[in-house]
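Each chain is listed here by its residues.
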Amino acid sequence: MPQPNLQTGQQVVLQRDDVFQLLKVLRERGYRVIGPTLRRGAIVYEELNSGAELPAGWTDTQDGGTYRLQKRGDKALFGYTVGPHSWKKILHPATRRFWRAKRNGAGFELLDEEREPAKLAFVGVRACDRQAIAVQDKIFLEGTYVDPAYKSQRENVFIVVVNCGQAGGTCFCASMGTGPKVTFGFDLALTEVLENGTHYFVVEVGTARGAEILGGVPCKEASSEQLAAAKRVVAKTAAHMGRRMDTTDIKELLYRNYEHPRWDNVAARCLNCSNCTMVCPTCFCTTVEDVTNLSGNSTERWRKWDSCFTMDFSYIVGGSVRASALARYRQWMTHKLATWIDQFGTSGCVGCGRCITWCPVAIDITEEVRAIRESESAKKGAP
């Protein structure tokens, strides 16, 4: 069967094993392929050397403070939701050295720290995480100050998104308007269809670069029945979200309730462990550390992830600005859902649910918003 003449916006069909060929073509074109695989009891994003490393036949079950893997009854390649990793770990890594210097006579010589960005292919990017990348693009690429390291790596990424075929127990992307279908910013978009004994992928071409890569993979035009099946996959996922959040006037809601007693309630449960900020795909807070060796002959400056849940993060002369658990949790949630909108013109929450899943005491951001909203409504309805 002749290969279709691929163009942006076109939708074609790949068979399951053809996805392995897609990864092979990406590697042949010089990309390091980063995608989902099984590691240490979770589905995480690591470099893939072959399609055999994809988590075929595995899924995850998630709830507040709970993440478990289990086998599926089929051979789905992307039959899971999201794990503890996000693409933030690559684009905005946990540690980055800014510069290093060594003693040179009476002074110091600054050593070149420029790095050639890797040519990467992100495979399996979900809608919530694609929105999270867009949020961090706004932070690091727009405005007066551009992060040069982020920019150089971001410009060298090929993105293969996967529209979600199932919703996780803590997912609420439908409430945030970020998923489960990816609508922008991809080279190729895959929808995995397992229906009536068939297993195939409907693939939408997002860019000319995507069309060029897909040209090396066997494919055929998608039929109207196959396109309808792909739409059913996404619609079913949207209808089965594990959580929901009413975002109506959410910024004003939180601003009105800065002294709400619910903050005391959540502070009594919060461990200030910072798990929520570490797994969040948009949180970007960092600190800077200078390190000098014992001889005093060399020194380095590093940027490292930090969190608004640590006492030192808001420390100034005289003490921490947010000394209590209440103040720190309120800062995080209010920034994520309210002040982030003022600061960057978008919500800092994409509805991935990671902060709920990976909180050791199962604090649920959707429940906290609901509790504040319902108490306010009850006051309005009181005689």
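In this text the structure is predicted, and so the values were computed from the model without any measurement. (Residues numbered from 1 in each chain as written. Predicted model: local features only at pLDDT ≥ 70, side-chain atom pairs only at ≥ 80, totals over all residues. Heavy atoms only, no water.)

Undergrad: What is the right way to look at helix α1 (residues 16–28) in this model?
TA: What sets the pattern is the α-helix's 3.6 residues per turn: residues three or four places apart point alike. Taken together, the buried positions of α1 are occupied by Arg16, Asp18, Val19, Leu22, Leu23, Val25 and Leu26. For α1, the arc enclosing every buried residue in end-on projection is 160 degrees, short of the 170-degree limit, so these residues lie on one face. At the exit of α1 stands Gly30, carrying a positive phi of roughly 95 degrees. (Buried < 20%, exposed > 50% of the residue type's maximum accessible area, 1.4 Å probe, protein only. Helix = DSSP H or I, 4+ residues; strand = E, 2+ residues; numbered from the N terminus. Arc of directions from axis to C-beta.)

Undergrad: It is not clear to me how the packing of aromatic side chains should be interpreted in this structure. Could you clarify?
TA: Where two aromatic rings form a pair, the distance of their centres and the angle of their planes describe that pair. Inspection of the entire model under this criterion finds 14 aromatic pairs. Centroid distance Trp263 to Tyr329: 6.4 Å. Interplanar angle 50 degrees. Geometry classified as tilted. Of the two residues, Trp263 sits in helix α9 (residues 262–269) while Tyr329 sits in helix α11 (residues 325–344), which places them 66 residues apart along the sequence. Following the ring pairs from residue to residue traces out a cluster consisting of Phe140, Tyr150, Phe284, Trp340 and Phe344. It is Arg126 that lies over the ring of Tyr80; its NZ or CZ is 4.5 Å from the centre. (Phe/Tyr/Trp six-rings, centres within 6.5 Å; stacked < 30°, edge-to-face > 60°. Lys NZ or Arg CZ within 6 Å of the ring centre and 35° of its normal.)

Undergrad: Explanation requested: the packing of α9 against α11 in the structure shown.
TA: Each pair of packed helices gets described by two things: the angle between the helix axes and the distance between those axes. At their nearest, the axes of α9 and α11 sit 8 Å apart, and the two run at 110 degrees to each other. In terms of axis orientation, α9 runs roughly perpendicular to α11. Of the residues in α11, those in contact with Trp263, Asp264, Val266 and Ala267 of α9 are Ala325, Leu326, Tyr329, Arg330, Met333 and Thr334. When the residues that make up the contact of α9 with α11 are grouped by side-chain class, the tally is 7 nonpolar, 1 polar and 2 charged. (Axes fitted to C-alpha atoms, helices over the stretch in contact; angles between N-to-C directions. Parallel < 35°, antiparallel > 145°, perpendicular 65-115°, else oblique. Contact = heavy atoms within 4.5 Å. Nonpolar A, V, L, I, M, F, W, Y, C, P; charged D, E, K, R; others polar.)

Undergrad: Help me understand the sheet that holds strand β14 (residues 298–305) in this model?
TA: Strand pairing in a sheet relies on backbone hydrogen bonds, with the paired strands running either antiparallel or parallel. Taken together, 4 strands build an open sheet; the order of strands is β7-β6-β14-β13 and the sheet is antiparallel. Of all strands in the sheet, those bounded by a partner on one side alone are β7 (107–111) and β13 (286–292). Strand after strand, the sheet turns through a mean of 20 degrees between neighbouring axes, direction not considered. (Pairing = 2+ DSSP bridges.)

Undergrad: Is there a simple way to think about helix α7 (residues 224–238) in this case?
TA: With 15 residues, α7 extends 21 Å from end C-alpha to end C-alpha; this agrees with the ideal 21 Å at 1.5 Å per step. For α7, the set of buried residues is Gln226, Ala229, Ala230, Val233, Val234 and Thr237. The buried residues of α7 all sit within an arc of 135 degrees when viewed along its axis, so they share a single face. Exposed side of α7, more than 90 degrees from the buried face: Ser224, Glu225, Lys231 and Lys236 are the residues found there. Residues of α7 that are buried make contact with β1 (11–15), β9 (157–163), β10 (188–195), β11 (198–205) and β12 (220–221). (Expected span 1.5 Å × (residues − 1).)

Undergrad: What should I look at first to understand the sheet that holds β9 in this one?
TA: Pairing is mixed across the open sheet formed by 8 strands, whose spatial order is β3-β2-β8-β9-β10-β11-β1-β12. With partners counted over all chains shown, the strands left at the sheet margins are β3 (42–47) and β12, one partner each. With 6 bridges joining them, strand β2 (residues 32–39) and β3 adopt antiparallel strand pairing. Paired with Arg39 across the strands is Ala42, a residue of β3. Strands in contact with α1 are β1, β2, β8 (120–125), β9, β10 and β11; relative to β1, the strand with the most contacts, it is inclined by about 105 degrees. On top of the sheet, helix α3 (residues 127–141) reaches β3, β8 and β9; it is set at about 135 degrees to β8, its chief contact.

Undergrad: Please clarify how the nonpolar core should be interpreted in this entry.
TA: Proteins that are soluble and globular tend to have nonpolar side chains buried together. Ranked by size, the top nonpolar core spans 34 residues in total, and within it Leu26, Phe78, Leu188, Leu190 and Leu214 carry the most contacts. Elements that contribute at least two residues to this core include exactly β1, α1, β3, β8, β9, β10, β11 and α6 (208–214). No other element matches α1, which puts 5 residues into this core. Residues Ile250, Cys280, Phe309 and Ala325 belong to the second largest nonpolar core, which totals 30 residues. (Core = buried A, V, L, I, M, F, W, Y, C linked by side-chain atoms within 4.5 Å.)

Undergrad: What am I meant to see in the pairing of β10 here?
TA: Successive side chains on a regular strand alternate, one facing one side of the sheet and the next facing the other. Burial of β10 is extensive: 6 of the 8 residues sit out of reach of the surface. Taken together, the 4 bridges between β9 and β10 define a ladder with parallel strand orientation. By the bridge assignment for β10, Val162 is matched with Leu190. Two strands pair when backbone bridges link them, and β10 and β11 are joined in this way by 8 bridges, in the antiparallel orientation. Bridge pairing in β11 places Leu190 opposite Val203.

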